[in-house]
Amino acid sequence: MEPVLVNESSRFRGALTDLAVELAGKSSGLRRSLPAGLLVALADLVRSMNCYYSNLIEGHDTHPTDIERALAGDYSSDPRKRDLQLEAKAHIAVQRWIDEGHVRGRVATMDGLRDLHRRFCQALPDDLLWAEDPDSHERLRVAPGALRHRDVRVGRHVPVSPGAVPRFLERFWRVYGKLGRTDAILATAAAHHRLLWIHPFLDGNGRVARLMSHAMLLETLDTGSVWSVARGLARSHKAYKAHLVECGLPRRNDLDGRGHLSEEALASFTRFFLETCIDQVAFMDGLMQPDRLRTRILLWAEEETRLNRLPARAAAILEATLFRGELPRGDVAPLLGLTPRHARRSISELLKLGVLNSNGPREPLRLAFPAALASRWMPGLFPERASDDR
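Now for a description of the structure that goes with this document. (Residues numbered from 1 in each chain as written. Predicted model: local features only at pLDDT ≥ 70, side-chain atom pairs only at ≥ 80, totals over all residues. Heavy atoms only, no water.)

### Remarks on the overall build of the protein
Inclusion rule: Numbering of helices and strands runs from the N terminus; a helix is a DSSP stretch of H or I covering at least four residues, while a strand is a stretch of E covering at least two. Here the radius of gyration uses the C-alpha set of atoms, whereas the globule reference equals 2.2 Å times the residue count to the power 0.38. Calculation of accessible area relied on Shrake-Rupley with a 1.4 Å probe; when residues are assessed, cover is drawn exclusively from the protein chains displayed. Charged residues are defined narrowly, with Lys and Arg counted positive, Asp and Glu counted negative, and His plus the chain ends left uncounted. Every charge is mapped to an atom, namely NZ of Lys, CZ of Arg, CG of Asp or CD of Glu.
Looking only at helices and strands, the protein features 16 helices and 4 strands. In summary, the protein has a C-alpha radius of gyration of 23 Å against a globular reference of 21 Å for 390 residues, a match within 12%. Projecting the C-alpha coordinates of the protein onto the three principal axes gives extents of approximately 75 × 50 × 35 Å. Just so you have it, the protein exposes about 17,900 Å², and 49% of that area is on carbon and sulfur atoms. Taking the average location of the 56 positive side-chain charges in the protein and that of its 49 negative ones, the two points are 3 Å from each other.

See the structure below:
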């Protein structure tokens, strides 16, 4: 699988380093611009976004409103939709586990990768734990966390033999687990492809690779989990898959690196991956501009108030929470000139709608971003839902 990195002497290295530095600056700027309370709410939404787009790449379309219902224990009566809701719930649980730091410093190790696969697959319904051999059409059960025990074919690519997988994963860790910051940013794309090239698991490699990339970027850039590359990869899925195929081709000539695989293709994918990351940071930064976000939220609140679906001063509570990040419950009544009883009622209504949340009945209020309101509050984050069929 050499080259595992774009060589420092490569003619592509300078431009890629510039992109890595740009990504680090933009990601840090987005994170610093958000109040702590808003970071928590946005990270929750990004988990659903990452899950939706990562599963969409695999052909599993579970709309974020259905994902939100699954997180609340509300499942579809349709068995197939219910299975996909459980799959989404499993994906979000693994990403939350990553965001809490449980795989920090070891995501590129064999044990770390197996943990990602195990935690995702063990929460899947049985019908989603089967893979089919493309040649024999034999159905094969996927064991959570187990390395592949047989030869496979993925399109035209024939991954390494199952007996070689541990050796390749050892090389994977020795390269990608011990890099400086700039190299680590550049290596996220290379690691993404090389893991898929090894194909260590019978199935689920795509989801594991994207979860691994999320973990690497979280650790290297301290992203705060407030943006996701998966949305960009899904929106450019044809280019994404074409790059993955190109990266698996042999080197083209004596100017194409010194490994078995093409360094030029690896550099091209790295550029695509970093530019996709930068684009997604810019997209989230635009959505979270305080004045624009405030305008969208207040317009929605005013409309709901006129329809008698929100208390009269609800918009002011949302506005205060937006700019403070967290709003102590005791501040609501004096802030808005309400009696404590009316303040509690307004808070209760907003909590019930899911536009505010809190860690407990006496804890501060934080803004929440329910998927049902994404088209109004965060336009472009998710596609519009065609229907509400359950």
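### Section: the pattern of salt bridges
Where charged atoms from two side chains of opposite charge approach closely, those side chains can pair. Note the cut-off: Within this document, salt bridges are pairs made up of a side-chain nitrogen of Lys or Arg and a carboxyl oxygen of Asp or Glu, the two lying within 4 Å of each other. Think of it in three bands: with a 1.4 Å probe and only protein chains considered, a residue is buried below 20% of the maximum accessible area for its type, exposed above 50%, and partly exposed in between.
What the rule picks out here adds up to 24 salt bridges. The salt bridge involving Asp 183 is made with Arg 13; its shortest N-O contact spans 2.2 Å. Taken as a pair, Asp 183 in helix H7 (residues 181–198) and Arg 13 in helix H1 (residues 13–33) lie far apart in primary sequence, 170 residues in all. Arg 13 gets classed as buried once you look at its relative accessible area, which sits at 13%. Residue Arg 96 is joined to Asp 44 by a salt bridge in which the shortest nitrogen-to-oxygen separation is 3.6 Å. Highlighted residues: Arg 96 in helix H4 (residues 79–99) and Asp 44 in helix H2 (residues 36–57), separated in sequence by 52 residues.

### Section: the nonpolar core
Stated precisely, the cut-off is as follows: What is meant by a nonpolar core is a set of buried Ala, Val, Leu, Ile, Met, Phe, Trp, Tyr and Cys residues, joined one to another through side-chain atoms within 4.5 Å. Here a residue-residue contact requires only that any non-hydrogen atoms of the pair lie within 4.5 Å.
By size, the foremost hydrophobic cluster in this structure holds 124 residues, and its most contacted members are Phe 172, Tyr 176, Trp 227, Phe 369 and Met 378. Setting aside chain neighbours within four positions, we find Tyr 176 in contact with Val 4, Leu 5, Ala 108, Ala 187, Ala 190, Ala 191, Arg 194 and Met 216.

### What about the packing of H7 against helix H10 (residues 237–247)?
We count it as follows: The angle between two axes is taken between their N-to-C directions and runs from 0 to 180 degrees, where each axis is a line fitted to C-alpha atoms and a helix contributes only its stretch in contact. The cut-offs work like this: below 35 degrees is roughly parallel, past 145 is roughly antiparallel, 65 to 115 is roughly perpendicular, and the gaps in between are oblique. By convention, the crossing between two helices is left-handed when the near helix turns anticlockwise from the far helix through less than a right angle, and right-handed when the turn is clockwise. Charged residues are taken to be Asp, Glu, Lys and Arg, nonpolar residues to be Ala, Val, Leu, Ile, Met, Phe, Trp, Tyr, Cys and Pro, and polar residues to be all remaining types, Gly included.
Viewed as axis vectors pointing N to C, H7 and H10 meet at an angle of 70°, and their least axial separation amounts to 10 Å. As summarised for this structure, H7 and H10 are arranged roughly perpendicular, according to the angle between their axes. Note that H7 runs across H10; the crossing there is right-handed. Between H7 and H10, the contacting residues are His 192, His 193, Arg 194 and Leu 196 on the first element and Tyr 240, Leu 244 and Cys 247 on the second. A breakdown of the residues in the contact of H7 with H10 according to their chemical character gives 4 nonpolar, 2 polar and 1 charged.

### Let's talk about the side chain of Thr 276
With respect to the helices and strands, Thr 276 occurs in helix H11 (residues 263–287). With residues up to four places along the chain from it excluded, the contact list for Thr 276 reads Val 229, Gly 232 and Leu 233.

### Description of the packing of aromatic side chains
The condition that has to hold: Whether two aromatic rings pair depends on their centres lying within 6.5 Å, for rings of Phe, Tyr and Trp, where Trp uses its six-membered ring; planes under 30 degrees apart make the pair stacked, over 60 edge-to-face, and the rest tilted.
Taken as a whole, this structure holds 8 aromatic pairs when the rule is applied. A ring pair is formed by Phe 168 and Trp 197, whose centres lie 5.8 Å apart and whose planes are at 45°; its orientation type is tilted. Taken together, the positions of Phe 168 in helix H6 (residues 165–176) and Trp 197 in helix H7 put the pair 29 residues apart, joining distant regions of the chain. A ring pair is formed by Trp 300 and Trp 377, whose centres lie 5.5 Å apart and whose planes are at 75°; its orientation type is edge-to-face. In this pair, Trp 300 sits in helix H12 (residues 290–306) while Trp 377 sits in helix H16 (residues 374–377), placing the two residues 77 residues apart along the sequence.

### What about H4?
What counts is decided by this rule: Residue count minus one, scaled by 1.5 Å, sets the expected span of a helix. Any N or O atom pair separated by 3.5 Å or less is treated as a polar contact, with the protein-specific requirement of one donor-capable and one acceptor-capable atom, and with residues adjacent in sequence counted only for side-chain atom pairs.
Compared with an ideal rise of 1.5 Å per residue, which puts 21 residues at 30 Å, H4 spans 30 Å between its outermost C-alpha atoms and is within 8% of the ideal. Taking the backbone nitrogen of Arg 80 as reference, a side-chain oxygen 2.9 Å away marks Asp 78 as the first, capping residue of H4. Note on H4: the residue one or two positions beyond its end, Gly 101, has a positive phi of about 90°.

### Describing H2
Taking 1.5 Å per residue as the helical rise, H2 with its 22 residues ought to reach 32 Å, and the 31 Å between its terminal C-alpha atoms agrees with that figure. Where burial is concerned, most of H2 is hidden: 18 out of the 22 residues are buried. In the segment just after H2, Gly 59 is the residue with positive phi, at about 90°.

### Remarks on unusual backbone geometry
Here the residue pair Glu 2 and Pro 3 is connected by a cis peptide bond, since its omega of 0° sits within 30 degrees of zero. Mapped onto the elements, Pro 3 comes out in the segment before H1. Residue Asn 308 is not a glycine yet carries a positive backbone phi of 60°. By the element assignment, Asn 308 lies in the loop between H12 and helix H13 (314–324). The class for Asn 308 is exposed, based on a relative accessible area of 70%.

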